[in-house]
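Each chain, letter by letter, is given below.
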Amino acid sequence: REQENKEFQSVVADQRATQAILNKALMKLKDFYHKGIGKEVFAQKAAQEPPVKFNSYNNAGASPVIGLIEQILEDSAKLETEAMDSESSAQADYEGFVKDSNELAKGLAQAITAKSDASASAKSETAQAAEDLDSTKGELESLSAYEADLHQQCDWSLKKFDIRQKARAQEMEAIAKAKAFLSGMK
């Protein structure tokens, strides 16, 4: 954009300089031809007879040259106006582009912030979940050890159940005999 602006400044400066120079030249030519100064310089004296007779020549003066210079001035002014319009359009487009870019950058920055926050939150939740997992594993190991201990006790109880049942039955028989014995003593 800076390069385009430099080119614009150069074109406008060149066109203004061209217009100034051509306006000065045009004024000089108009002064010279319209005030009659040139007629005196270029007109031949009536007293002097030319050696050869030519058909009469009508000097149109400098009107074709003045017309050409005026056309160049108009073209220069038109080029300057087009350059100014083009520059204002380019500047407006550039400002719109910058505005859109800034809004996009702002949106992306907000998205980055939101994603960073979400990432930090996810990491925190992951750390909490890992801590909960470790705690749960520890609790499961403790429960597994308790279950193994209970299983061992149950296995012992089942193994010794028949022996204990027989021992209890014998105890009950012995108590019944002792009771019968004691009952007969009276």
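Model, not experiment: these values are computed from the prediction.

Peer 1: Quick question: what am I supposed to make of the overall build of the protein chain here?
Peer 2: Summing up its helical and strand segments, the protein chain has three helices and zero strands in all. Listed N to C, the secondary structure of the protein chain is α-α-α in terms of helices and strands. Classification of the 186 residues of the protein chain by burial places 9% in the buried group. If you take every contact in the protein chain between residues at least 6 apart in sequence, the share linking residues at least 24 apart comes to 89%.

Peer 1: What should I look at first to understand the pattern of salt bridges in this one?
Peer 2: Pairing is possible between side chains of opposite charge, provided their charged atoms come close. Considering all chains together, one arrives at two salt bridges under this definition. R168 is the partner of E171 in a salt bridge, and the nearest nitrogen-oxygen pair spans 3.3 Å. A residue pair is termed a helical-turn pair when its members lie 3 or 4 positions apart in one helix, as E171 and R168 do in helix 3 (residues 63–183) at three residues. For E171, a relative accessible area of 42% gives the class partly exposed.

Peer 1: Explain the nonpolar core here, please?
Peer 2: Ranked by size, the top nonpolar core spans five residues in total: L22, L26, I66, I69 and L73. Contributing elements (two or more residues each) for this core: helix 1 (2–34) and helix 3. Per element, the largest residue contribution to this core is three residues, and it comes from helix 3. Among all residues touching L22, those that are not within four sequence positions of it are I69, I72 and L73.

Peer 1: So what exactly am I meant to see when it comes to the side chain of Q19 here?
Peer 2: Relative to the elements of secondary structure, Q19 occurs in helix 1. A residue is classified by how much of its surface remains accessible, and Q19, at 15% relative accessible area, is buried. Apart from the residues lying within four places of it in its own chain, the contact partners of Q19 are L73, S76, A77 and E80.

Peer 1: What exactly am I supposed to notice about the confidence of the model for the protein chain here?
Peer 2: Regions with low pLDDT should not have their predicted coordinates read in detail. Per-residue confidence for the protein chain averages 81 on the pLDDT scale, and 82% of its residues sit at or above 70. At the low end of the mean pLDDT range in the protein chain sits helix 2 (residues 37–42), at 49; at the high end sits helix 3, at 89. The model gives residues 40–47 a pLDDT under 50, and that stretch makes two contacts with residues more than four places away or in other chains.

Peer 1: When you look at the environment of L68 in this model, what are you seeing that I'm missing?
Peer 2: Tracing the backbone through its elements, the reader meets L68 in helix 3. For L68 and L26, which are 42 residues apart along the polypeptide, the C-alpha to C-alpha distance reads 10.0 Å.

Calculation notes
- Residues numbered from 1 in each chain as written.
- Predicted model: local features only at pLDDT ≥ 70, side-chain atom pairs only at ≥ 80, totals over all residues.
- Heavy atoms only, no water.
- Helix = DSSP H or I, 4+ residues; strand = E, 2+ residues; numbered from the N terminus.
- Buried < 20%, exposed > 50% of the residue type's maximum accessible area, 1.4 Å probe, protein only.
- Contact = heavy atoms within 4.5 Å.
- Salt bridge = Lys/Arg side-chain N within 4 Å of Asp/Glu carboxyl O.
- Core = buried A, V, L, I, M, F, W, Y, C linked by side-chain atoms within 4.5 Å.
- pLDDT = per-residue confidence, 0-100.

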